[in-house]
Amino acid sequence: MPGSRPHAEIDRRNADWYVDKLVQVTVFVSGVSAILFIIGIFVFVTIEGVGFIANTLDFGEFFGSPAWRPTSETKPTYGALALIVGTASVTGLAMLVAVPFSLGAAIFIGEFATGKVRETLKVLVELLAAIPSVVWGFIGLSIMNPLIIDVFNVPVGLSILNSGIILGLMAAPIMTTIAEDALKAVPDTYREAAEAMGATRWQVIFRVVLPAAKNGLVAAVLLGVGRGFGETMAVLMASGHSVNLPTSVFDSVRALTATIAAELGETAQGSDHYAALFTLGIFLFAITFLINLAADVVVRGIRKGK
Amino acid sequence: MSVDAPARDLVRVRGLTIRYGDTAALSDVSLSIREHEIFGIIGPAGSGKTSFLRALNRMDEFTPAMTVDGAVEFDGKNVRDWRNAYALRSRIGVVFPLPVGLPMTIYDNVALSPRLRGIRRRSELDEIVERCLTRAALWDEVKDRLDSLGSLLSGGQQQRLTIARALSQEPQLLLLDEFSIAVDPVTTMRIEDVLKELKQEVTIVLVTNLVQQARRLADRTAFFLMGEFVELAETEQLFTGEVADPRTRDYVEGRFG
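Residues numbered from 1 in each chain as written. Chains lettered and ligands numbered in written order. Predicted model: local features only at pLDDT ≥ 70, side-chain atom pairs only at ≥ 80, totals over all residues. Heavy atoms only, no water.

(A) A look at the overall build of chain A. Scanning chain A from N- to C-terminus turns up 12 helices and two strands. When the elements of chain A are put in sequence order from the N terminus, they spell out α-α-β-β-α-α-α-α-α-α-α-α-α-α. Considering only C-alpha atoms, chain A reaches an extent of 95 × 60 × 40 Å along its principal axes. Looking at the 306 residues of chain A, the share that counts as buried comes to 40%. A fraction of 68% describes how many contacts in chain A between residues 6 or more apart in sequence connect residues 24 or more apart. (Helix = DSSP H or I, 4+ residues; strand = E, 2+ residues; numbered from the N terminus. Buried < 20%, exposed > 50% of the residue type's maximum accessible area, 1.4 Å probe, protein only. Contact = heavy atoms within 4.5 Å.)

(B) Representation of the domain arrangement of chain A in the model. As assigned here, chain A comprises domain 1 (7-55) and domain 2 (82-269 + 283-304). Placing a centre on the C-alpha atoms of domain 1 of chain A and another on those of domain 2 of chain A gives a separation of 33 Å. (Domains from an automatic or database assignment.)

(C) The arrangement of the packing of helix H3 (residues 81-112) of chain A against helix H8 (residues 201-212) of chain A in detail. Residues and elements named next belong to chain A. Interhelical geometry of H3 versus H8 gives an angle of 110 degrees and a closest axis separation of 12 Å. Between H3 and H8, the interaxial angle falls into the category roughly perpendicular. Where H3 approaches H8, its residues Ile107, Glu111 and Phe112 are matched on the opposing element by Arg201, Ile205, Val209 and Leu210. (Axes fitted to C-alpha atoms, helices over the stretch in contact; angles between N-to-C directions. Parallel < 35°, antiparallel > 145°, perpendicular 65-115°, else oblique.)

(D) Spatial organisation of the interface of chain A and chain B. The partner chain B presents 25 residues to the 17 residues of chain A that form the contact. The contact between chain A and chain B buries some 1800 Å² in all, and 69% of this surface belongs to carbon and sulfur atoms. Three residues stand out in chain A for area buried against chain B, namely A:Ala196, A:Met197 and A:Arg207, and they jointly supply 36% of the buried area on that side. At the surface where chain A touches chain B, the tally comes to one salt bridge. Linking chain A to chain B there are one residue pair in polar contact (both at pLDDT 80 or more). Listing elements by their share of the side of chain A that touches chain B, those giving two or more residues are helix H7 (188-196) and H8 of chain A. At six residues, H7(A) tops the list of elements feeding residues into the side of chain A that touches chain B. Grouping the constituent residues of the side of chain A that touches chain B by class yields seven nonpolar, five polar and five charged. (Buried area = accessible area lost by both parts, 1.4 Å probe. Salt bridge = Lys/Arg side-chain N within 4 Å of Asp/Glu carboxyl O. Polar contact = N/O pair within 3.5 Å; in protein donor to acceptor, adjacent residues only side chain to side chain. Nonpolar A, V, L, I, M, F, W, Y, C, P; charged D, E, K, R; others polar.)

And the structure:
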C-alpha cells in the first residue's frame, strides 16, 4: 500500500541506526588502538634510551666491539657486536632448519595428505606451536646438550647449534600453518588445469602451486625470522649465554633478547646499564620493523607482477 | 598423416557408466570417435557431457566420489591400461568452460607444456608460443606483452590463452568443454574457424550448449539427456529432422533444455 507509511519514518533515528553507529565507533577505536599501542611502546622504549644514546653511547663501539661489559667498575663498555652476531647466527641456523621442514610439512599436509591423516597432522602441528618456549629451553638444556656433546665430541653442548635447532623446531609449526594456508588459497582450478595437461604431482606443485602461493610462503618465512629475533627464553637456555664472537656453530653465544631479559632486573633504573639495555631494545624494535617492512615490500612486489 | 586415409577410431567407449556416489551421471554409453573428426556432444545442463570428457583422460581420478565403469579405449588400448597417466593426459588437451589463466606470464602459460616435455631451447619455445597463440586468435593482442601475467587478461582472452595452452601440448585429442561461454561472439567465430583447420591434425570433441555451434562445426553429433545417451548421427541428419528419437528433434529445435 503505497503512501500508507508516514513520511516521518525516514526522518527518525531508530534503535537500528544507533546500534550501527555504536558498532562503527567501537570497531574504529579497536582498530586505531593497535596503532596507539605501537606508537606508545616505541615512545616508551625510546625515552628510556634516548639520553644514553645521545650522551654516552659510542656508535662505533656499539656496532663494532664485541665487548659487552656494562658492569665494569673501571670502564664499562657497551659493544653489542657479539650479541647482534649471536642473535643473527642463531636465527640464521634456525631458518636453515625451519624452512625446509615447514615447507615440506605444508606441502605434505596441503597437497598429499587427505582425510584423517590431514586433520590429525594439522591438529598436531597446532599443538606443537602451543608448546611454551621455556619447555623448548628445557629440551635444549637436558636433551640436546648431552646429545651434542656425545655426537660431536665437543666440551659444551649449549651453542649456536643447540639453540638454532631448538629455535628452528619452535618456529616450524607456525610457519607450517601459514604456509599451508597459502597453499590452500591456491584455487583447485590451477591444479586441475595443470594435471589435465599431463603434469605430474611434483610438476604441479613445483611449477604451479608454489609460484602461485609465493606471497604467503614469503610471509611464513619472514614470520619465522621475526620469531627468531624475538625469542628469548629458549635461546637464553640453549645458547650458553656467553658474550662471544663465534667461530663455529659449537660456540656459545648470547642473544640480544636474552641479554635484556637476564640483566634488566639487576640494574638500577636510570643507570647507564639500564639505558644500554633499552638501546638494545630500540635496536631490536628497529630490526623487527625493517623485517616487516621488507616483507611488505616483497609481498607487494610479487603481487604487482613483473 | 593424411586426411584421406580411411577413418580410424581414436576413442572407443563401451558400456560407460559414471556415478557420483550413488547417483548415476551417465549410463551405458557406447560410441566411437573417429580420427580427425569434430565430434559434437549436445544436451542440456546436467546431462553428463562434462563427466564423459573427464572419463576420457582419467580426470575422474581427481574426484574421489566419481566412479567410472565400462571401457574407454584411447588409441587402441583401455585408458586404465596405459601405464603412464601423465603421458596419456599430455596427449589429450582440455579446455574447461571457465578460463584458467595460470598465475604466470602469458609466455610461460603457453610454454609450460613444452617445458614439461623437456623442451628447453628458447628459439624452439618462442616458435611454439607464437604458433599456438596465433592459432588461438590471441597473438596480435598479446604479442607486445608476453611477459605480463596471464591471469590479468580479460575472460575471453584467458579462454583463448587456455586454448593456446591446450594446443601447445600438440595433442592427438582436444576436448573442448563449452569453450565459448566466456568468449564474445566475434572471437568465438574466429576460434571456430581455427578449429575447422585444426581438424587436419587433431581429433576434437566439442561439448556445447549451443546447438547451432555443433551444427556449424561437428561432423557427427551425440545427444545426451539427463545421463542418457539418446543418439548419435551425422550432424546434418540431426538438424534436418532425420532423428531416431523425437526428443532429439525437440531439443535441436529448442523446445526444451
